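# What the coordinates show
What follows is the residue order along each chain.
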Amino acid sequence: MTVAGIWLAVWEIAAICVGEGILLPRVEDTVSALIRTGAKSETWLSVGASVLRVTGGIITGMLTGCVLGAVCAFSRFLDDLFTPLVTVIKATPVASFIILAFVWIPVNLVPVFTAFLIVTPIFHTNVFTALKNTDRNMLELAQVYNMSFIRRLTEIYIPSAAAAFTSALTSSVGMGWKASVAAEVICRNRQSIGGGLYSAKISLDTADVFAWTVLVVVLSLVFEKSAIALIKRAGARRNGDG
C-alpha cells in the first residue's frame with residue numbers, strides 16, 4: 001500500500017468513526033463532490049480567475065523581492081531603510097493585510113496584493129542572504145582581474161543566488177496560493193476558488209469544501225513543480241551554452 005493509500009485509509013476510518021458527513025465527509029463523498037464540481041464550466045472559470053490572480057501576485061512579489069534583496073545586499077543605507085518594513089510585513093497576520101487591502105483597493109485586486117505581500121519578503125530574505133554569503137575568494141579574484149560589474153553579476157552573484165532563488169520559489173508558491181485563496185474567501189470574490197469555498201461553507205456542504213481544497217492543493221503542487229522544472233531547464237540550457 002502506498003503512502004497516499006495509507007492516509008486515505010486513515011481518512012476513511014476517521015470519517016466512519018465520526019459518522020457525520022457535515023463534520024468529516026468520507027473519501028467517496030469527497031471524490032463525488034470533486035467530480036460534480038469539476039463537471040461545471042463555472043468551476044474552471046473560477047479556477048482560471050484564481051490562477052491569474054495568484055500568478056500576478058507571485059510574479060510581482062518575486063521580481064520585487066529579488067530587486068529589493070539585491071539592492072539591500074549592495075547598499076547598507078537601503079538595507080537599513082527597507083529591513084524594518086520587510087520585518088513588519090513578515091510579522092503581520094495575513095488576515096490583517098487582507099482586511100486593510102479590502103479597504104484600500106478594488107476587491108478583485110486584494111488576492112493579488114495579498115500574494116504579493118507574502119511572496120516579496122521570502123525572495124528578499126533568500127536573495128539578500130545568498131548575495132551576502134557570496135564566495136569572497138571569487139570576488140577578490142574578480143577584482144584582481146578587473147572584472148566588470150556585469151560579469152561579476154552574471155558569473156558570480158547570480159549563480160551564487162540560484163539555489164536560494166529556487167528555495168524561495170518552492171516556499172512562496174504554496175504560501176502565495178494559500179494567502180490568495182484566503183483573500184478570495186474573506187472578500188467573497190464570486191468567480192474564484194475562494195468564492196467556491198465560501199459558497200460550500202455557507203451551504204454546510206463539507207464534501208464540497210474538501211473538493212475545492214483538493215483543487216487548491218493540486219494546483220499549488222502543479223505550479224511549484226512547473227516553476228522548478230522551468231528553472232532547472234533554464235539552468236541546464238545556460239550550462240550547455242557555457
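Bear in mind the structure is a predicted one, so any value in this text is a computation, not a measurement. (Residues numbered from 1 in each chain as written. Predicted model: local features only at pLDDT ≥ 70, side-chain atom pairs only at ≥ 80, totals over all residues. Heavy atoms only, no water.)

## A word on the environment of Thr206
Among the secondary structure elements, Thr206 is positioned in helix 10 (residues 206-241). Taking C-alpha positions, Thr206 is 8.5 Å from Thr30, a pair spaced 176 residues apart along the chain. Once you skip the residues sitting within four places of it in the chain, Thr206 turns out to touch Gly21, Ile22, Leu23 and Pro25. (Helix = DSSP H or I, 4+ residues; strand = E, 2+ residues; numbered from the N terminus. Contact = heavy atoms within 4.5 Å.)

## Some thoughts on helix 6 (residues 110-132)
For helix 6, with 23 residues, the first-to-last C-alpha span of 33 Å sits near the 33 Å given by 1.5 Å per residue. For helix 6, a buried count of 17 out of 23 residues is recorded, marking the element as mostly surrounded by other parts of the structure. (Expected span 1.5 Å × (residues − 1). Buried < 20%, exposed > 50% of the residue type's maximum accessible area, 1.4 Å probe, protein only.)

## Observations concerning the environment of Phe102
Topologically, Phe102 is positioned in helix 5 (residues 94-104). Between the C-alpha atom of Phe102 and that of Val31, which follows or precedes it by 71 residues, the distance is 34 Å. When residues no more than four places from it in sequence are discounted, the contact partners of Phe102 are Val107, Val110 and Cys187.

## A word on the side chain of Thr30
Positionally, Thr30 belongs in helix 2 (residues 27-38). Residue Thr30 is classed as buried on the basis of its relative accessible area, which comes to 4%. Those residues within four positions of Thr30 in sequence are excluded, and the remaining contacts are Trp11, Pro25, Ala207, Phe210 and Ala211.

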